[in-house]
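# Fold and geometry: a report
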Amino acid sequence: MNSGSSIDCVCEKAKSTMADKRAKLAVVTAAKHGQVDDLRLLLDAKADVHEADQNQDSGVHWAAKNGHIEALELLISVNGVVDNPNKYDETPSMLAASE
């Protein structure tokens with residue numbers, strides 16, 4: 001058995017898993033940075049508006065937290081939830097009010 005090929009296989013699987021995680025958080029990332037055009041493309045491609053990061057922050061949380069009003073309005077227009085708490089019991093509405 002060639003152990004080099006096993007290591008290569010494990011490395012490729014790890015790279016693939018990391019790429020999948022980044023792709024799954026594309027809406028969160030775009031919302032966090034106020035990238036409205038990217039959000040439109042993602043949502044048009046049926047990306048999940050409800051996806052959340054490890055702290056259970058959705059794109060709506062991040063848009064509210066960072067004051068990205070246009071991104072927030074877009075996410076809400078496609079049923080983004082403003083009263084869903086994250087891991088710290090903070091809702092997007094609470095985060096927007098604190099800005």
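A brief structural summary. (Residues numbered from 1 in each chain as written. Predicted model: local features only at pLDDT ≥ 70, side-chain atom pairs only at ≥ 80, totals over all residues. Heavy atoms only, no water.)

Per the counting criterion, the structure on display carries 3 salt bridges. Put simply, D57 and K65 hold a salt bridge, and the shortest N to O gap is 3.6 Å. Among the ionic contacts, a cluster of salt bridges with common partners joins D37, R40 and E70. (Salt bridge = Lys/Arg side-chain N within 4 Å of Asp/Glu carboxyl O.)

Quick look at helix 5 (residues 69–77) now. Among the residues of helix 5, A71, L72, L74 and L75 are the ones counted as buried. Buried residues of helix 5, seen end-on, are gathered within an arc of 165 degrees and therefore sit on one face of the element. In this structure, helix 5 carries I69, E73 and S77 as exposed residues pointing more than 90 degrees from its buried face. Elements that come into contact with the buried residues of helix 5 comprise helix 2 (26–32), helix 3 (36–44) and helix 4 (59–65). Looking at the residues trailing helix 5, positive phi occurs at N79, about 75 degrees. (Buried < 20%, exposed > 50% of the residue type's maximum accessible area, 1.4 Å probe, protein only. Helix = DSSP H or I, 4+ residues; strand = E, 2+ residues; numbered from the N terminus. Arc of directions from axis to C-beta. Contact = heavy atoms within 4.5 Å.)

For N79, which is not glycine, the phi dihedral falls at a positive 75 degrees. Along the chain, the position of N79 falls in the loop between helix 5 and helix 6 (92–97). Phi at D89 is positive, roughly 65 degrees, even though this residue is not glycine. Take D89: it is sitting in the loop between helix 5 and helix 6.

Tracing the sequence through the fold places V49 in the loop between helix 3 and helix 4. For the pair V49 and N79, spaced 30 residues apart in sequence, the C-alpha separation works out to 7.5 Å. Ignoring anything within four residues of it in the chain, the contact list for V49 reads L43, L75, V78, N79 and G80.

Burial of nonpolar side chains together is a common tendency in soluble globular proteins. Core analysis: the largest hydrophobic core is formed by 15 residues, its most contacted members being L39, A63 and L75. Here this core gets 4 residues from one element, more than from any other, and that element is helix 5. Not counting chain neighbours up to four residues away, the residues in contact with L75 comprise V27, A31, L39, L43, V49, G59, V60, A63 and G80. (Core = buried A, V, L, I, M, F, W, Y, C linked by side-chain atoms within 4.5 Å.)

The next subject is the packing of aromatic side chains. Enumeration according to the criterion identifies 0 aromatic pairs in this entry. It is K65 that lies over the ring of W62; its NZ or CZ is 4.1 Å from the centre. (Phe/Tyr/Trp six-rings, centres within 6.5 Å; stacked < 30°, edge-to-face > 60°. Lys NZ or Arg CZ within 6 Å of the ring centre and 35° of its normal.)

As a further point, take the environment of E70. Topologically, E70 is positioned in helix 5. If we skip the residues at most four places from it in the chain, E70 touches V36 and R40.

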